[in-house]
Structure formats: structure tokens, C-alpha cells
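Chains, contacts and geometry: an overview
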Amino acid sequence: MMSNLRLGVEVLSAHDLLPKEQGTANAFVEVEFDDQKFRTAIKDRDLNPVWNEQFYFNISDPSCLPELHLEAYVYHANRASNSKACLGKVRISGTSFVSQPDASALHYPLEKRTILSRARGELGLRVFLTDDPSVRVSAPGQEFNMLSTPTTAQEQAAVNSIPNPFQETRPNPVRQFQHLPREQHRPESMTAQPYYSEGSYGEPQQRSFSAVGNKTGAPQPRVARMYAPGPQQPIDFQLKETSPMLGGGRVIGGRVIPGEKAGAYDLVEKMQYLFVRVVKAHDLPNMDITGSLDPYVEVHLGNYKMKTKHFEKNQRPEWDEVFAFPKEVLQSTTLEVVVKDKDVLRDDYVGRVMLDLNEVPLRVPPDSPLAPEWYRLVGKDGMRDRGELMLAVWYGTQADECFPSAIHAGSTPVDSHLHNYIRGKVYPTQRMWYVRVNVIEAQDIIPMENRIPDVFVKVRLGHQLLKTRQARSPTKNFTWNEEMMFVAAEPFDDDLIISIEDRVAHNKDEVIGEAIIPLTKLQRRADHKPVRPAWFDLRRPGLIDVNQLKEDKFYAKVHLRVCLEGGYHVLDESTQYCSDLRPTMKQLWKPPIGLLEVGILGANGLNPTKTRNDRGSCDAYCVAKYGQKWVRTRTIVDSLSPRFNEQYTWDVFDHGTVLTIGLFDNCHISGDSNHNSPGHMDKPIGKVRIRLSTLETGRVYTHTYPLLILHPSGVKKMGELHLAIRFSATSLINVLFTYSRPLFPKMHYVQPLSIVQQEMLRHQAVQLVAQRLGRMEPPVHREVVEFMSDARSHLWSMRRSKANFFRLMQVFSGVIAAGKWFGDVCQWKNPVTTVLVHVLFVMLVFYPDLILPTIFLYMFLIGLWNYRFRPRFPPHMNTRISYADVAHPDELDEEFDTFPTTKSPDLIRMRYDRLRHVAGRIQTVVGDIATQGERLQSLLSWRDPRATAMFLLLCLITAIILYVTPFQVIALCLGFFWMRHPRFRHKVPAALVNFFRRLPAKTDSLL
């Protein structure tokens, strides 16, 4: 099926162009895209020309759309010399193309065409994608003459309508480029997965289209677009560049065109709010028969109604709550504030205050907060004897300090007791320390029974528990000398408990003695210098009397070396996605090298996670994690396209770190049915990771990130998250110097932790972070912390194993391709190339000093060439690289299984057999590699005496030949022999290969 996808470009106007002739210019625009070029009319003597011309380009292959670029060149037509001079260009990436309804006219600053050229002004374009079948591709541009070219489109049409008697009457043949279908180059596994679903932009197509500069009667060559084996994925799953109007101005191509004064919030859209602060009341009347009053306040504005919490039996309540109403939804010019009395059947009316919104002042920070004012409450009878209410009402933006703690008005009212669960907060996490415990020995250990005990030491810190091995000794002294590691977080609420126990029977232990060590008294170590061990007194378990404690003071002792490790970085996230690499002790911290600013603009097209009033709904909020600072935006209630517009900043100490932003559905605000969030768990909607080293300094990245999440049924797009990100460096030298520093602190290399220790300690650190954040208000639940920290990344997954295998193959694909190319050279498949390789080989042999310079110069040129194709946007999660779009459903079900498993025995047996099959292949490969290594060792081991004797004789002859023959001659002979013509080659392997394969290995000794 042929695709109807077209790229529409509307050339609107230009502004403030660079003058060329007598202070003016004859401007026209050439637009190029996908080997097609169109040209506008010439506007004579106009530095602010207006064209309003529209062109449509054919898209030969929609799957390659993100790799294409639209280029618009503004030229000056020199009619005297019939030439043109470039005034500037605009280059737009294919990732920023949007559909026609979403497209708007943007003015792009003109860039230099070359380094030495000059450019000035702006070019107004409107670029969009359309699949309307009625839209036709524009006619190809003609090579017109600058001397006689019409200056308007109407004149051009009039000239074209005049018949030319000298022109041939037959139609002018047009050269056409035929593209081979991409399926011929694509592997079978990739063609089975369509890039585009029905109703999307289009399908991969085979299309012919018009080109520029076609000659009459030219033949029709076939041009094949080469298939680039890369991690391509559907357009719907890719990043889209946007050009929003933020507080700092319009963002176009990462550059900010300054607008009005931005202030501190320049990476979010400026939003106007009406803030209502209800402070307190006094002298309220008694409403109940008992003479009591349970007051609360309702704020009415149009169809919106907000409530404060109520106080029981209080005539002088203090609420101090702030309500925020978006200015664009204001439906009334009057604000009504009503005080009511909470009752069982019906709430009683106490009094109200009416305010005219036209008289409300505007507050712009850093102005001081608006002073609240007392207002008399008016009853139903119009009497002003119902007490007084203190209020403050003003207009402001999200830069107001009351904005994070305010209760925002929405389409769905929220109960007052849930207000704390929808506010945005900043969560500073406590510093975490590693606790190193070295159990050396114990003395005077007397067991409960008269026998040789099996003694071991149990060390407990909070929920963490580790044991030593069991030791037996006929004396009262026992030695272990074992080391353990724990994780502790400030403030140190838990003590270190050392208990010595005796294994008296199976699953039965008796405590001999224990010691309690407060963490605050431990030595804090910043380097690898040894810590002095100390003896700690043990007490009998269960002794409470002070006199008994004094008697048992020297009952037994344990010898320990305990300290707090401050030179390590406590890993609470995967090492691939670390957001902080600093050691625990602040004395070892380096100064920050930059500042990270993130504007969370909003989300679009979210999938419903619950139902409310028989329709899909979602109560979304964002969580961002970087370093020791977690942030949580406010919850936007009942919206599938929430707008947050909140900005946060972090100090950056190492730009090789990763920022993680997740979107979640708030479980506390339930709909009619919330089956997808069992047990009141916040449901993850998606996650975005951004590595800071991939960001250019000072550029503003405004993209919409697809929220991809993996379900047991497959990968699913849950919506899009709109972000604005900027990384600013304090000094470029400091950033460059960071590349030479080790990734982790020094202690990770002086006394490294084992992989098992790292995974165990990481799990404990995640649990500590979840415990601390869960105790804050509003809480960050455990499932949110585990999702943001990738707590399950260490578990086995068939999908991840395949993805890592294909990543490894992709890494070695260049080496394999070079080997195949050299094999073709040796086979003389292209004689010209083989002769050139021989010439280059001879030059390098006779001039060996050129080898390394040639290699490094070649790498420099490759890097310089690849600069043109450098990525323009941060990397994002890729379904092709993750092997998520072609994973088997059973593999995904296995990945989401709990640990330990809860599946049926038959299913577990099937998965176990599959794992044995995969492990068998790995076992075979590892065995083959070991066999080749053992054959190398057997050359000198005399395991095969004849083979070893032949090898020693060959070594002697080779040494004599190399001694008497120049190195260049040896190298030339070996090179020419290796690249000899196939006529001089045999079908069977060489003698040396046969000799090596006959060598013995230890496979004969395997059972």
C-alpha cells in the first residue's frame, strides 16, 4: 500500500535580512528536503519580503523521517551577474515535524551557511505533516534566469501560460529516483514487526518523485537507499522537538529568543493564578443547641468550590490554607467566601464575604507577601454581626512562594483531608553510611549446657541481619575474623546489636550474650587507614536489674573493629543510572561544576488509569530524582492532559550522572473503580532518563518524551511527558577536568566491594530510602521509590539477556565488517582495492613511523565526518534496543513474576527447561574458548611430545630466520602471502591451522 504522507512547507516571510546591493536585497527562498528542491518568487529590493507560498514534498520512506532534515536557504538574486548569494539558512530536524492541526507559524533565526559567511534576520515557516490524499506534490523547480525571473507567483504563472513556438509539444520527461523497498535489506525478524499501525503517518513505501535540475531525455537510473541497521523504532515512540513559549521567551532549536522579563521561572509557561488565603476567624456565633461551633470555610468562584478542614467546638479557628484558581478558568467577577458550621444532617450557614475580583491586586515576587485583612461576615439577614474572617486575595504566578503549598482548584472537588496528598513537595534525603563490622574473636564464652558449643555471632542493624560461621572450641575463646557491611541513614535511630548464640539443635539457637553499640559513638573513617579494634562487654539476655548488670560486667567480651565508612558512595540505584557519585563525608566533596534546571511542563494523551463518573480519568503527578534531592509536583486531579509548569534546580557535581523523572497516578484519590491499583499503590505511568553528559551546555532542550512502560502483554505507550531541560556549567575547564577523575570515590578502588556485597547493600539502601520518604507528608510510597531506583534490574530476564546479546553483537559489528572487507581483499574480489591495499601495506612496512599517525588521523577524520550527523536530542528508551517489541509473552510474564516465584509447577518446569537450553549454548561457547586456550598451553607442555618437538624446532628455525632477515622483508613476505591471489590458495585449511587443531586439550579429562 502506497503512503499518502506529505511534508507541507509554507514560506511566509523574512525579517531584517542582510543588505547586499545599495542597502537592499532581491530575496528568494530555496527549500530542500529528501532530494527535492522548490523555489519561491524573487522579491526585489525588500529586506522584509513576504511570500506566503506553499509547497508539498514527497516522503520516500516515512521510517527514515527522524533522520531527514528540511533546509531552507535565503538567497539574494544578483540580476547583473545572473548569480545568487546566500543570506542565511534554516535547518529543521525531522523529529520536530508535527501534524497539520498542531502546526503554527514560527520565525527561525537565520544561520551562517559556512564559517566565513554572514547571516542576519529571521525566516518565517510553517512546517507540517499531512496524509490527505487530495494533496499533490508540488511541481519541480525550474532553473530560472536571474535576469528575467518574475518577482511574484502570479507573474510566474502568467509567463508559464504563454506558449513557446520553439518548444517541443511533447511532454518533458522527468527524471525519477526509484527507491528499493526497505524490506529487501531488512532482516526477517524486523520485517515481521510493522513500523506503523493503521491510521498513523504512513507505511514504508516504494515511490518515485520529481527531482530538481532534471535534464530532458535523461535515462532513469535506479538509486537504492541503503538500509542502516540501527535501533529504529516507530515514530510514535520517538522524541519530538517542540518550540514552546516559555517564561524566558520562545525556544527554537534549543535557543531562547528572549521575550518579556522572565525572572526565576524561565523554563515553564507563565501561568496566572488567583490566590485566596484563608487565615483565621474570631467572634463566631454559637450555632448548635449545645452552644458549640464546628467551623469550616467554603470558597466559591463560578462553578468551583473549595473547602478548608473543619475544627470541632472552636469559635476562634486558624486554618491558614491557600487556594489557587487558574486565571483562564475564572467564570465570575465575584469571589464568595462562606463560613459554615459542620453538622450531621445539614451544615449551618454562619456568614459570608463578597469580594470584587476587579479590585484584587497583582503581586510579583520578590515583593513581600500580601498582608491579610479582617472582613466582617454578613449573615442571611444582611447583618454584620456574625464575626470576622481574615483573608488575603491576590493575583500571582507559579513563582509565588505559596504556589507549592496551595490547594489547586480542579474539575473534581477533593476532600479536605486529602489536600496533603496532592501538594507538591521537595524531599531532601538523608546521608547514608556504610557500617563496617569486623568480628575478630570472643573470650570467656560459657554455654548454657555442659558441651562443646557451636558458637556464631549475629549482627543486627534495624532490619538488616548477618551471621558469622559456626565455630567450635574446647576452650572458652572463639575466633572468626569475618567482616560484614551494613547501611545506616542519618539520624541514627537504630543501634548496632551484637549477639553471640549457640546452635543447640536444628532451628534452635540460644543467646549467650549481647552488646548494644550506638552508631553515634562509632569512629568515622574517610580513607583506608586501619581502625583500632575494641573489646565490648557482653551482658546476659533479659537482665534488667542494675545490680545484676554490675555483677555481670565482665561476664564475657567480644573483640570488634567497627567504623562508619565515609569514603564510599552508598549506592541506592543501579550503577548505570547513578545520579550522584559523591562520597558520604561532606569534607570529601568537590565544588559543583554546573547547574541543572528542569521545567516539568505537562503531559499529553495519558491513558486512563481509573474510572470516574463512567469515564476514563487519571490523577497524575511527577517525581524527579537527582542526587540527594527528590521532588514531587502537585497532583492534577481528573485530567488526561495535565499541565504542571513547575521548575526545579539541582547542583551538578559530575555530569556523568542521570536524571530520572517518573509519572504516577495518585492512589489516594480514587475513582468509581480503581482495579488497576490494588492495595492503594501509586501506579507508574512511565519514566524518563536523561544523562547529563549528552546535553550541550547552555542549550534548552524542549521535547515531548513518550512514556513507555512494559506490561506482561507487551510494551505500551501511556502518553507523552513535556520537559524543558538546561545544563549550565560554571567553568568549561572544570567540566573537562571531570573526565580525568575516577567515577567513584577512592575507597571503591582501594578496598573494593564485591558484586554480591554491592547488590545486597543497594537493596538495603533502597529500603531505607523508601522507609524515610514514606514517613514524610505527603508520602512517597515504596513502589514509587523502587520504580525510580530500578530495584528489579538485577533479576533474571530472558528479554534483557537477548537485548544485551544483540548489543554485544552491535559493538563487534564494526570489527566483523572490517574482517569481511579484508577477506574480500584477500580474495581479490575487487582487484583495484586489493592493489591499493598492497601499495598502502608496502608504504607502511618501509615507513613504520606512519602507522600510528595514520590510525589516529583516520579516527580524527571519521569523527569530523560524523559531526554532521551528531544527535540533536537526548537519548531515550528504545523498544528495539530493549528487545521489548518482539519479546514473547511468556518471557514478559516470567520477567514480571515475583521472587520467589508463585507460578504453577508445570510452567516453572517449562521455563527451567528453556533456561537449560539457553545455558547449554553458553556452556558450549565457553568450553570452546577454554579448549583453544588449553591448546595454546599444550604447545610447551609436552602433552603431545611429537607436536611439542615440532613446535620447538619451528621456533628455532623462525628465530634464526628473523635474526638474519630484515624485519621489512619478513613483513612484506607475510603480508603478500596473506593477501595472495585465490589461484594460489587451497580449498582445505592451512597446515598451521591443522597442526593447532590436532593439539590436545583437557576435554579428555571431563566426566
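Residues numbered from 1 in each chain as written. Predicted model: local features only at pLDDT ≥ 70, side-chain atom pairs only at ≥ 80, totals over all residues. Heavy atoms only, no water.

Attention now goes to the overall build of the chain. Across its full length, the chain carries 16 helices and 42 strands. Across the 1007 residues in the chain, those meeting the buried criterion constitute 43%. Relative to all contacts within the chain whose residues are 6 or more apart in sequence, the contacts with residues 24 or more apart total 71%. Total accessible area on the chain stands at roughly 54,700 Å², and carbon and sulfur atoms take up 56% of it. (Helix = DSSP H or I, 4+ residues; strand = E, 2+ residues; numbered from the N terminus. Buried < 20%, exposed > 50% of the residue type's maximum accessible area, 1.4 Å probe, protein only. Contact = heavy atoms within 4.5 Å. Areas by Shrake-Rupley, 256 points an atom, 1.4 Å probe, with all protein chains shown as cover.)

Turning our eyes to something else, we now look at a nonpolar patch on the surface. Side chains of Phe805, Phe806, Leu808, Met809, Val811, Phe812, Val815 and Ile816 sit close together on the surface and give an oily, nonpolar patch of about 780 Å² of accessible area. If you list the elements that add at least two residues to the nonpolar patch, you get helix H8 (798-811) and helix H9 (813-826). A total of five residues in the nonpolar patch trace back to one element, the largest contributor, which is H8. Note that valine 815 resides in helix H9. Note on valine 815: relative accessible area 58%, which makes it exposed. (Patch = residues over 30% accessible without salt bridge, like charges linked within 9 Å, V, L, I, M, F, W, Y side chains within 5 Å. Salt bridge = Lys/Arg side-chain N within 4 Å of Asp/Glu carboxyl O.)

The subject of this paragraph is H8. Given a rise of 1.5 Å per residue, 14 residues ought to cover 20 Å, and the 20 Å separating the end C-alpha atoms of H8 matches this to within 8%. Along H8, the residues classified as buried are Met798, Arg799 and Ala803. Buried residues along H8 cover an arc of 135° about the axis, so they all sit on one side. Looking at the buried residues of H8, the elements they touch are strand E41 (700-711), helix H12 (889-895) and helix H13 (905-937). Structurally, the start of H8 carries an N-cap: the backbone nitrogen of arginine 799 is 3.4 Å from a side-chain oxygen of serine 797. (Expected span 1.5 Å × (residues − 1). Arc of directions from axis to C-beta. Polar contact = N/O pair within 3.5 Å; in protein donor to acceptor, adjacent residues only side chain to side chain.)

Among the secondary structure elements, phenylalanine 486 is positioned in strand E27 (residues 478-489). With a relative accessible area of 0%, phenylalanine 486 lands in the buried category. The spatial distance from the C-alpha of phenylalanine 486 to the C-alpha of glycine 462 is 9.7 Å, given a sequence separation of 24 residues. Sequence-distant contacts of phenylalanine 486, defined by excluding residues within four places in its chain, comprise Trp433, Tyr434, Val435, Val437, Val459, Leu461, Gln464, Leu465, Leu466 and Leu761.

The subject of this paragraph is the pattern of salt bridges. Taken as a whole and assessed by the stated rule, the structure comprises 59 salt bridges. The closest approach of N and O atoms between arginine 363 and aspartate 400, which form a salt bridge, is 2.7 Å. Linking arginine 363 in the loop between strand E18 (348-356) and strand E19 (373-376) with aspartate 400 in the loop between strand E20 (388-396) and strand E21 (407-408), this pair joins segments that are 37 residues apart in sequence. With relative accessibility at 6%, the residue arginine 363 sits in the buried group.

Right, let's talk about the sheet that holds strand E39 (residues 658-665) for a bit. Taken in spatial order, the five strands line up as E22-E37-E36-E39-E40 in an open sheet, and their pairing is antiparallel. Both outer strands of the open sheet, strand E22 (425-428) and strand E40 (683-691), are each paired with one neighbouring strand and no more. Sheet twist, expressed as the mean angle between neighbouring strand axes with direction ignored, is 15°. As judged from the six bridges shared by strand E36 (residues 620-626) and E39, these two strands associate in the antiparallel manner. Of the residues in E39, the one forming a bridge with tyrosine 621 is phenylalanine 664. (Pairing = 2+ DSSP bridges. Axes fitted to C-alpha atoms, helices over the stretch in contact; angles between N-to-C directions.)

Bringing unusual backbone geometry into the picture now. Both trends apply: most residues other than glycine have a negative phi, and most peptide bonds are in trans. Of note, the bond from glutamate 490 into proline 491 is cis; its omega dihedral lies within 30 degrees of zero at -10°. Mapping proline 491 onto the fold places it in the loop between E27 and strand E28 (496-505). A positive phi angle is found at asparagine 82, which is not glycine, with a value near 55°. Assignment of secondary structure puts asparagine 82 in the loop between strand E5 (69-78) and strand E6 (83-93).

Below, the discussion takes up the side chain of histidine 559. With respect to the helices and strands, the residue histidine 559 is situated in strand E32 (residues 556-565). A relative accessible area of 13% means that histidine 559 is categorised as buried.

Our next topic: the pairing of strand E8 (residues 122-130). Counting buried positions along E8 gives eight out of nine residues, so the element sits mostly inside the fold. Bridge analysis of strand E1 (residues 6-15) against E8 gives nine bridges, and the strand direction is antiparallel. Counted as the bridge partner of alanine 14 is leucine 123 from E8. Here strand E7 (residues 106-109) pairs with E8 via four bridges, running antiparallel. Counted as the bridge partner of leucine 106 is leucine 125 from E8.

When pLDDT is averaged across the chain, the result is 83; 87% of the residues are at 70 or more. For residues 152-230, every residue scores under 50 in pLDDT, and the model assigns this stretch 124 contacts once sequence neighbours within four places are set aside. Contacts of residues 673-678 to residues separated by more than four positions or lying in other chains number nine contacts, the stretch itself having pLDDT below 50. (pLDDT = per-residue confidence, 0-100.)

The next thing to look at is the pairing of E36. Of all seven residues in E36, seven are buried; the element is thus mostly enclosed. Direction of pairing for E36 relative to strand E37 (residues 629-632): antiparallel, over a ladder of four bridges. Following the sheet pairing, tyrosine 626 is matched in E37 by lysine 629. With antiparallel pairing between neighbouring strands as the criterion, E36 and E37 make up a hairpin whose turn holds two residues, including glycine 627 at a positive phi of roughly 65°.

Glancing now at the nonpolar core. Core analysis: the largest hydrophobic core is formed by 36 residues, its most contacted members being Leu596, Trp650, Leu663 and Leu723. Within the residue set of this core, elements represented by two or more residues are strand E33 (594-604), E36, strand E38 (643-652), E39, E40, E41 and strand E42 (714-729). With five residues, E42 is the largest single contributor of residues to this core. Dropping the residues within four chain positions of it, leucine 596 is found in contact with Tyr626, Tyr648, Thr649, Trp650, Val652, Leu659, Leu692, Ile725 and Arg726. (Core = buried A, V, L, I, M, F, W, Y, C linked by side-chain atoms within 4.5 Å.)

Take the packing of H8 against H9 next. H9 packs onto H8 with a crossing angle of 45° between their chain directions and a minimal axis gap of 4 Å. One element, H8, and the other, H9, form an angle in the oblique class. On H9, the residues touching Met809, Gln810 and Val811 of H8 are Ser813, Gly814 and Ile816. Tallied by class, the residues present in the contact of H8 with H9 amount to three nonpolar, three polar and no charged. (Parallel < 35°, antiparallel > 145°, perpendicular 65-115°, else oblique. Nonpolar A, V, L, I, M, F, W, Y, C, P; charged D, E, K, R; others polar.)

Moving on to H9. Taking 1.5 Å as the rise per residue, H9 with 14 residues should run 20 Å; its terminal C-alpha atoms sit 20 Å apart, in good agreement. Just downstream of H9 lies tryptophan 828, where phi reads positive at about 55°.

So, about the packing of aromatic side chains. All chains considered together, the criterion is met by 21 aromatic pairs. When the centroid spacing of 6.1 Å and the interplanar angle of 25° are considered together, the rings of tyrosine 73 and tyrosine 75 count as stacked. This pair shows no difference in class: tyrosine 73 is buried, exactly as tyrosine 75 is. With a centroid separation of 6.3 Å and an interplanar angle of 20°, the aromatic rings of phenylalanine 478 and tryptophan 480 are classed as stacked. What makes phenylalanine 478 buried here is its relative accessible area of 2%. A relative accessible area of 3% means that tryptophan 480 is categorised as buried. A connected cluster of aromatic rings, assembled from ring pairs, spans Phe33, Phe38, Phe55, Phe57 and Phe97. (Phe/Tyr/Trp six-rings, centres within 6.5 Å; stacked < 30°, edge-to-face > 60°.)

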